[in-house]
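# Structural description and commentary
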Amino acid sequence: MARVTIYLPDAIRDLVRELAEDGESFSATVTRLIESGARESGHRGPAYIGAGEGPGDLGLMAERYLRELDTEH
């Protein structure tokens, strides 16, 4: 799981706290609200087609592959 720093206006921070379910962490609430909003908007991901060659998991494993390349030289 990635750790990400974001800056929220006080009003949004307060809204997230208002919408938190019992016992739900701030991060879990933010994640739930983003997922819910994305689904409701009908967002299906980027509207482009990637081109190029490489492993199918390159997007997920890019840092590992880059480290491996660095140690080979």
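Placed above this text is the structure.
This text gives an overview of the structure that appears in the document. These figures come from a predicted structure and were not determined experimentally.

### Comments concerning the overall build of the chain
- Within the chain, the secondary structure is distributed over three helices and zero strands.
- In the chain, the succession of α and β elements from N to C terminus is α-α-α.
- Looking at the chain residue by residue over its 73 residues, the buried ones come to 4%.

### Focus: the packing of helix H1 (residues 10–19) against helix H2 (residues 26–41)
- For the pair H1 and H2, interaxial distance at closest approach is 9 Å and the crossing angle is 95°. Classified by the angle between their axes, H1 and H2 sit roughly perpendicular to one another. Residues Arg13, Val16, Arg17 and Leu19 of H1 form the contact with H2, whose own contacting residues are Phe26, Thr29, Val30, Arg32 and Leu33.
- Residue composition of the contact of H1 with H2, by class: five nonpolar, one polar and three charged.

### Some thoughts on H2
- Between its first and last C-alpha, H2 extends 22 Å over 16 residues, near the 22 Å set by a 1.5 Å rise per residue.
- Where H2 terminates, the next one or two residues include Gly42, which has phi positive at roughly 80°.

### Focus on the pattern of salt bridges
- According to the stated counting rule, one finds five salt bridges in the structure shown.
- Ionic pairing is found between Arg13 and Asp14, a salt bridge with its closest N-O pair at 3.2 Å.
- Here Arg32 makes a salt bridge to Glu21, at a shortest N to O gap of 3.7 Å. Of this pair, Arg32 sits in helix H2 while Glu21 sits in the loop between H1 and H2, and the two are eleven residues apart along the sequence.
- The class of Arg32 is partly exposed, set by a relative accessible area of 25%.
- The structure contains a network of salt bridges with shared partners spanning Asp10, Arg13 and Asp14.

### Looking at a nonpolar patch on the surface
- Where nonpolar side chains cluster on the molecular surface, the patch consists of Val4, Ile6, Leu8, Ile12, Leu15, Leu19, Phe26 and Leu33 and spans about 650 Å² of accessible area.
- Where the nonpolar patch is concerned, the elements lending two or more residues are H1 and H2.
- Ranked by the residues each element gives to the nonpolar patch, the list is headed by H1, at three residues.
- Tracing the sequence through the fold places Leu19 in helix H1.

Analysis parameters
- Residues numbered from 1 in each chain as written.
- Predicted model: local features only at pLDDT ≥ 70, side-chain atom pairs only at ≥ 80, totals over all residues.
- Heavy atoms only, no water.
- Helix = DSSP H or I, 4+ residues; strand = E, 2+ residues; numbered from the N terminus.
- Buried < 20%, exposed > 50% of the residue type's maximum accessible area, 1.4 Å probe, protein only.
- Axes fitted to C-alpha atoms, helices over the stretch in contact; angles between N-to-C directions.
- Parallel < 35°, antiparallel > 145°, perpendicular 65-115°, else oblique.
- Contact = heavy atoms within 4.5 Å.
- Nonpolar A, V, L, I, M, F, W, Y, C, P; charged D, E, K, R; others polar.
- Expected span 1.5 Å × (residues − 1).
- Salt bridge = Lys/Arg side-chain N within 4 Å of Asp/Glu carboxyl O.
- Patch = residues over 30% accessible without salt bridge, like charges linked within 9 Å, V, L, I, M, F, W, Y side chains within 5 Å.
- Areas by Shrake-Rupley, 256 points an atom, 1.4 Å probe, with all protein chains shown as cover.

That is the geometry; function is a separate question.
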